[in-house]
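Structural overview
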Amino acid sequence: MEIAWKNIEFSDKELIQGFYRQENARNCEFTFANNYLWAPYYEIRFAVIDGLLVFLSDESTFSVSFPLGKGDVKKTIEDLMGYFEEKGHKFKMHLVSPEQFERLEQMFPGKFQIVYNPDAADYVYESEKLITLSGKKLHAKRNHVNKFMEEHPDWSYESITDENTAECLEMAEKWRELNGCADDPEKSNEFCVTLNALRMRKELGLKGGLIRANGRVVAFSLGEPCGEDFFVVHIEKAYADVQGAYPMINQQFVAHEAADYKYINREEDTGAEGLRKAKRSYHPVMMLEKGLVTYKDND
């Protein structure tokens, strides 16, 4: 069969979001803003096959996502298996959750195997804990926040608006210089995504917030609802030399923009040791695992 894969364009927003609403998708990758902003860097395209949404990635390995939507998932997967065979590729399915793999096993008993990638698992926290920082485990975070407030008595939180977006863009440019993004392709891509997210905040439905100290922006964050009870934080930037700026934006952004959601998805750590340590220090209530599905060796 032939599949008409297409690039993700802004005009696809309502179509793609409609499928996410059907599925109550919780993984950080399954929001339109994430898809639209990152697709050029991961060579992501999509198609609606038998009424179901499927993404194709050929960035490093030719693979598809688990079909999303209400329809005959088994038939769509069979069609995809045939498509891979025609193209001379081994069938692979990326970002598959344990629940999706369980469905796969029911449809195709013993046919597939899954390998979970710990670097890709999303960290999920209770919003109430991130706001109050209550309990012994988060004592150090409370201290960082209190220290920031003491050292910057004039600090303030603002939602990102048309009026202050330019200051966030300016801060992002300085953050880029301080973090060597020009010499690191991955950091450079992330920086481009950050700028585009700020510029298209309203169109993409992103919520933003910033921390101001001594009159200047020292941290900002962007995120959006993801699933019924989840809010995903896509971007968080702060000056590392401003003590407590990261804990402050973490707490204040959730308090002002995401308090109505039970869980906060703060995305994966990508295997970066510093990021892993920081995310673990907030003690996630759950991890959303994702794996790569392939045929079992005997297939």
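Everything here concerns the structure above.
The structure presented is a predicted model; accordingly, all values stated were derived computationally and were not measured.

Notes on the packing of aromatic side chains
- Per the counting criterion, the structure on display carries 20 aromatic pairs.
- Considering the side-chain rings of Y20 and F30, the 5.8 Å spacing of their centres and the 50° angle between planes classify their relative orientation as tilted. Pair noted here: Y20 is in helix α1 (residues 13–23) and F30 is in the loop between α1 and α2 (32–42), with a separation of 10 residues, a long-range link. For the pair formed by Y20 and F30, the shared burial category is buried.
- Positioned above the aromatic ring of F108 is the side chain of K74, whose terminal nitrogen or guanidinium carbon lies 5.6 Å from the ring centre.

A word on the packing of α2 against helix α8 (residues 185–199)
- Interaxial distance between α2 and α8 falls to 10 Å at its minimum, and their mutual angle equals 150°. Accordingly, the angle class assigned to the pair α2 and α8 is roughly antiparallel. The two elements α2 and α8 cross, and the hand of that crossing is right-handed. Counted together, L37, W38 and Y41 of α2 and N189, E190, C192, V193, N196 and A197 of α8 form the full contact between these two elements.
- Its residues placed into classes, the contact of α2 with α8 shows six nonpolar, two polar and one charged.

Re the side chain of E257
- Looking at the secondary structure, you find E257 in helix α10 (residues 245–257).
- Despite its burial, E257 remains without a salt bridge, the nearest opposite charge being carried by K207 at 5.1 Å.
- The residues touching E257, leaving out its near neighbours within four places in the chain, are Y157, S159, K207, G208 and F231.

Quick look at the environment of L15
- Here L15 shows up in helix α1.
- Taking the C-alpha atoms as reference, L15 lies 9.5 Å from F32; in sequence the two are 17 residues apart.
- Setting aside anything within four residues of it in sequence, one finds L15 in contact with F46 and V48.

Remarks on the pairing of strand β14 (residues 291–295)
- Here strand β5 (residues 92–96) runs beside β14; their pairing, made up of three bridges, is antiparallel. Looking at the pairing, M93 lines up with V293 of β14.
- In this structure, strand β6 (residues 112–116) lies alongside β14, joined through five bridges in antiparallel fashion. Within the sheet, the bridge partner assigned to Q113 lies in β14 and is T294.

What about the pattern of salt bridges?
- Taken as a whole and assessed by the stated rule, the structure comprises 17 salt bridges.
- As a salt-bridge pair, K290 and E29 come within 2.9 Å of each other at their nearest N and O atoms. Taken as a pair, K290 in the loop between β13 (286–288) and β14 and E29 in the loop between α1 and α2 lie far apart in primary sequence, 261 residues in all.
- For E29, a relative accessible area of 15% translates into the label buried.
- For the salt bridge of R212 with E158, the shortest nitrogen-to-oxygen distance reads 2.7 Å. Of this pair, R212 sits in strand β9 (residues 207–213) while E158 sits in strand β8 (residues 156–159), placing them 54 residues apart in sequence.

Examining helix α6 (residues 139–151)
- With 13 residues, α6 extends 18 Å between its outermost C-alpha atoms, agreeing within 8% with the 18 Å of an ideal straight helix rising 1.5 Å per residue.
- Along α6, the residues classified as buried are K141, V145 and F148. In a view along the axis of α6, the buried residues occupy a sector of 60°, so they form one face of it.
- Residues of α6 that are buried make contact with β9, β10 (216–225) and α10.

Considerations on the state of the cysteines
- Taken as a whole and assessed by the stated rule, the structure comprises zero disulfides.
- No disulfide involves C28; its sulfur sits 7.7 Å from that of C226, the nearest cysteine.

Some remarks on the packing of helix α7 (residues 165–178) against α8
- The geometry of α7 relative to α8 is characterised by a closest axis approach of 10 Å and an angle of 175° between their N-to-C directions. Judged on the interaxial angle alone, α8 and α7 are roughly antiparallel. For the pair α7 and α8, the contacting residues are T165, C168, L169, A172, E173 and R176 in the first and F191, L195, L198 and R199 in the second.
- Across the contact of α7 with α8, the residue classes tally to six nonpolar, one polar and three charged.

Looking at the sheet that holds β10
- Spatial strand order, β8-β9-β10-β11-β12-β7-β13: seven strands in an open sheet with mixed pairing. Where the open sheet ends on each side, the last strands, each with one partner, are β8 and β13. Each strand of the sheet is rotated relative to its neighbour by a mean of 30°, with strand direction disregarded.
- Relative to strand β11 (residues 230–238), β10 is paired through seven bridges, and the arrangement is antiparallel. If you follow E224 over to β11, its bridge partner there is V232.

Analysis parameters
- Residues numbered from 1 in each chain as written.
- Predicted model: local features only at pLDDT ≥ 70, side-chain atom pairs only at ≥ 80, totals over all residues.
- Heavy atoms only, no water.
- Phe/Tyr/Trp six-rings, centres within 6.5 Å; stacked < 30°, edge-to-face > 60°.
- Helix = DSSP H or I, 4+ residues; strand = E, 2+ residues; numbered from the N terminus.
- Buried < 20%, exposed > 50% of the residue type's maximum accessible area, 1.4 Å probe, protein only.
- Lys NZ or Arg CZ within 6 Å of the ring centre and 35° of its normal.
- Axes fitted to C-alpha atoms, helices over the stretch in contact; angles between N-to-C directions.
- Parallel < 35°, antiparallel > 145°, perpendicular 65-115°, else oblique.
- Left-handed = near helix turned anticlockwise from the far one by under 90°.
- Contact = heavy atoms within 4.5 Å.
- Nonpolar A, V, L, I, M, F, W, Y, C, P; charged D, E, K, R; others polar.
- Lys, Arg positive; Asp, Glu negative; His and termini not counted.
- Salt bridge = Lys/Arg side-chain N within 4 Å of Asp/Glu carboxyl O.
- Pairing = 2+ DSSP bridges.
- Expected span 1.5 Å × (residues − 1).
- Arc of directions from axis to C-beta.
- Disulfide = S-S within 2.5 Å.

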